[in-house]
Structures are given as C-alpha cells and as structure tokens.
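# Structure assessment
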Amino acid sequence: MLRNVSQVVLRQARVLQPVLRPTWGSLALLSTAHVSQPLPTPEEVNKLSEQEVRDLIARAKISSCHTTEASELRALGQVALVKLKSELPTDGAKPQSLNYGLEHPFTVAFMHGMKNSTSNNHGQALVDFNRALDIAEKDGGRQCIEAAGVRNEIARIHAKTGKADMAVKLAADSVGIFERYAGTDSRMYAEAAYDLACYKALNRKPWEALELMRKCRPLFLKHLGADHPKTKQIGAAMEMMATRVGK
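This section reports on the structure supplied with the text. Quick caveat, the model's predicted, so the values are computed rather than measured. (Residues numbered from 1 in each chain as written. Predicted model: local features only at pLDDT ≥ 70, side-chain atom pairs only at ≥ 80, totals over all residues. Heavy atoms only, no water.)

## Brief notes about helix H9 (residues 187-202)
The end-to-end C-alpha distance of H9 is 23 Å, a good match for the 22 Å that 16 residues give at a rise of 1.5 Å each. Listing the buried residues of H9 in full gives Tyr 189, Ala 190, Ala 192, Ala 193, Tyr 194, Asp 195, Leu 196, Ala 197, Tyr 199, Lys 200 and Ala 201. Contacts from the buried residues of H9 go to helix H7 (145-160), helix H8 (164-182), helix H10 (206-223) and helix H11 (229-245). A positive backbone phi angle near 60° is found at Arg 204, which sits one or two residues after H9. (Helix = DSSP H or I, 4+ residues; strand = E, 2+ residues; numbered from the N terminus. Expected span 1.5 Å × (residues − 1). Buried < 20%, exposed > 50% of the residue type's maximum accessible area, 1.4 Å probe, protein only. Contact = heavy atoms within 4.5 Å.)

What follows is the structure, encoded as structure tokens:
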C-alpha cells in the first residue's frame, strides 16, 4: 500500500532547497541553491547506483525538517534505504582491494591529499581526498579497501581540526572494513584501530580508548617491535589513558 501511494506522490514532488551545505563527497552536489529537482519513482530508485541511493537518503534527511513535502521525502528515503540495505555486503563478506596503479586518478588524488594534509592545508586535502573517495566508491563500492583508507585520512583531518566525533565515526567504519579484509591480527587493523583509539580519547572517552589500545599494543610489538616509535607511543598513550580513568 505504501508503495502504491508513493508512486503517485513522488512523481509530483520536488526537492526542497537544502538548509545545510555538505562539505565533501558527491553529497556536495545537493548544496546547489535554488535548484528544484524531480524525485524519481520507486521503480527508478531501483536502477540507481549505491552512491546515488545514498544521495537520495541524504536529501530526504536534509529536507525532512520542513513541513512542505516532508512526507514525500521521507517516503523516498525509505524506498532508497531499503534498496541500499539489500545491496550492502553482509558483515562476513570480505572487502575487495582495487589495486590501483601509481598513475591512476585515484592514486594521484590520494597522494595530493596526503601531501596537503601533511602541510596542514586541510581544506585542499579534503578536496583531494573526496575526489579519491568518489573514484573508489564508484569503482569498488563503499566497502572496498581504498575507500576505507581515504575515509581514515579524512578522519585524521577532522581530528586535527577539532571534530573528534566525526573522526570517530569515519575511523570506526574504516576499522571494520580493515578487520574483515586482513583480520584482527594484522598490522593494517592495528594501526587503524590505534588511530580510532586516539580519536576516542579526543572525544572524551578515555576508557574506550584505553581498551582499544590494550588490544593494539601486542600487535604493534608483533609487527613493529618494541623499539619502533609507534610502539613506544602507544605505551605512553596507554599510561595517559589509565591515569584519566583512574587505573
């Protein structure tokens, strides 16, 4: 019944002007002011790519605070969300690696982002990383290793610019993908998990940070050795977190 109603209503609906401007990724396309775009029918939603479906969900969320056409937009978001959930890999599915070459546009954009991030040119770094993220997600989907790596670097920038909550969210997504790809005994997982622990500490969650660091330290010892700077760093960080939580 909901499907029949939405077919009639959505054909006539128009997207409201967003009240917030997305800062990165293909969602930035939704921020164009004074543009009215027709909403697709539920049948047309089924033909969209994963990223296009995510964009539609974002449009529904952005505009849902308005009374005009709010019900139509919520219905659109629900249709898109069902499609997205049905197409996402299961938790047990192993993510893929795209193995881009050095001259590939993804690699070029990613390396430019790394250079700008190291130079604290955060705005341009985000532009570069978002370009790389769009390429990776288009080629391999949100769960591919390359997309997870880019999100991890974007999280690092958010942490450095005082947005610890955003850093935690992005890093947690990346850690989950690295875990399924390489396992919890891998260096890839350990380094990403330690980054997440640091962001949790910045986000005033020292106990969660300490617990995660305790899992990472044996992996650092195994893969890097006791004398490696990162191994020494995690030891000092654990002492600091223990002091904060009183243990």
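## With respect to the side chain of Ser 186
Residue placement: Ser 186 occurs in the loop between H8 and H9. The exposure class assigned to Ser 186 is buried, which follows from its relative accessible area of 11%. Engagement of the side chain of Ser 186 in a polar contact is seen with the backbone nitrogen of Tyr 189, the distance being 3.1 Å. Among all residues touching Ser 186, those that are not within four sequence positions of it are Leu 219 and His 223. (Polar contact = N/O pair within 3.5 Å; in protein donor to acceptor, adjacent residues only side chain to side chain.)

## Some remarks on the pattern of salt bridges
As enumerated under the stated definition, the model contains 10 salt bridges in all. Among the ionic pairs, Asp 195 bridges to Arg 156, the shortest N-O distance being 3.3 Å. Separated by 39 residues along the polypeptide, Asp 195 in helix H9 and Arg 156 in helix H7 bring together distant segments of the chain. Taking the relative accessible area as the measure of exposure, Arg 156 reaches 26% and is therefore partly exposed. Among the ionic pairs, Asp 185 bridges to Lys 222, the shortest N-O distance being 2.3 Å. In this pair, Asp 185 sits in the loop between H8 and H9 while Lys 222 sits in helix H10, placing the two residues 37 residues apart along the sequence. (Salt bridge = Lys/Arg side-chain N within 4 Å of Asp/Glu carboxyl O.)

## Some remarks on the nonpolar core
Within the largest apolar cluster, 49 residues are counted, with the highest numbers of intra-cluster contacts made by Phe 106, Val 150 and Met 213. Elements with a contribution of two residues or more to this core: helix H5 (105-118), helix H6 (122-140), H7, H8, H9, H10 and H11. For this core, the element with the highest residue contribution is H9, accounting for nine residues. Once residues within four sequence positions are removed from consideration, Met 213 is found in contact with Tyr 194, Ala 197, Cys 198, Ile 234, Ala 237, Met 238 and Met 241. (Core = buried A, V, L, I, M, F, W, Y, C linked by side-chain atoms within 4.5 Å.)

## Points about the environment of Ile 157
Mapped onto the fold, Ile 157 is located in helix H7. You can call Ile 157 buried: its relative accessible area is 1%. Counting along the chain gives 40 residues from Ile 157 to Ser 117, while the straight-line C-alpha distance between them is 7.1 Å. Beyond its immediate stretch of four places on either side in the chain, Ile 157 contacts Ser 117, His 122, Ala 125, Leu 126 and Phe 129.

## A closer look at the state of the cysteines
Inspection of every chain in the model, using the stated rule, returns zero disulfides. Here Cys 198 is not cross-linked by a disulfide; its sulfur's nearest cysteine counterpart is in Cys 216, at 8.9 Å. By relative accessible area, Cys 198 is classed as partly exposed at 24%. Note on Cys 216: relative accessible area 0%, which makes it buried. (Disulfide = S-S within 2.5 Å.)

## Some thoughts on H6
The terminal C-alpha atoms of H6, which comprises 19 residues, lie 26 Å apart, in line with the 27 Å expected from a rise of 1.5 Å per residue. For H6, the full list of buried residues reads His 122, Ala 125, Leu 126, Asp 128, Phe 129, Asn 130, Ala 132, Leu 133, Ile 135, Ala 136, Glu 137 and Gly 140. One or two residues past the end of H6 sits Gly 141, with phi positive at roughly 85°.

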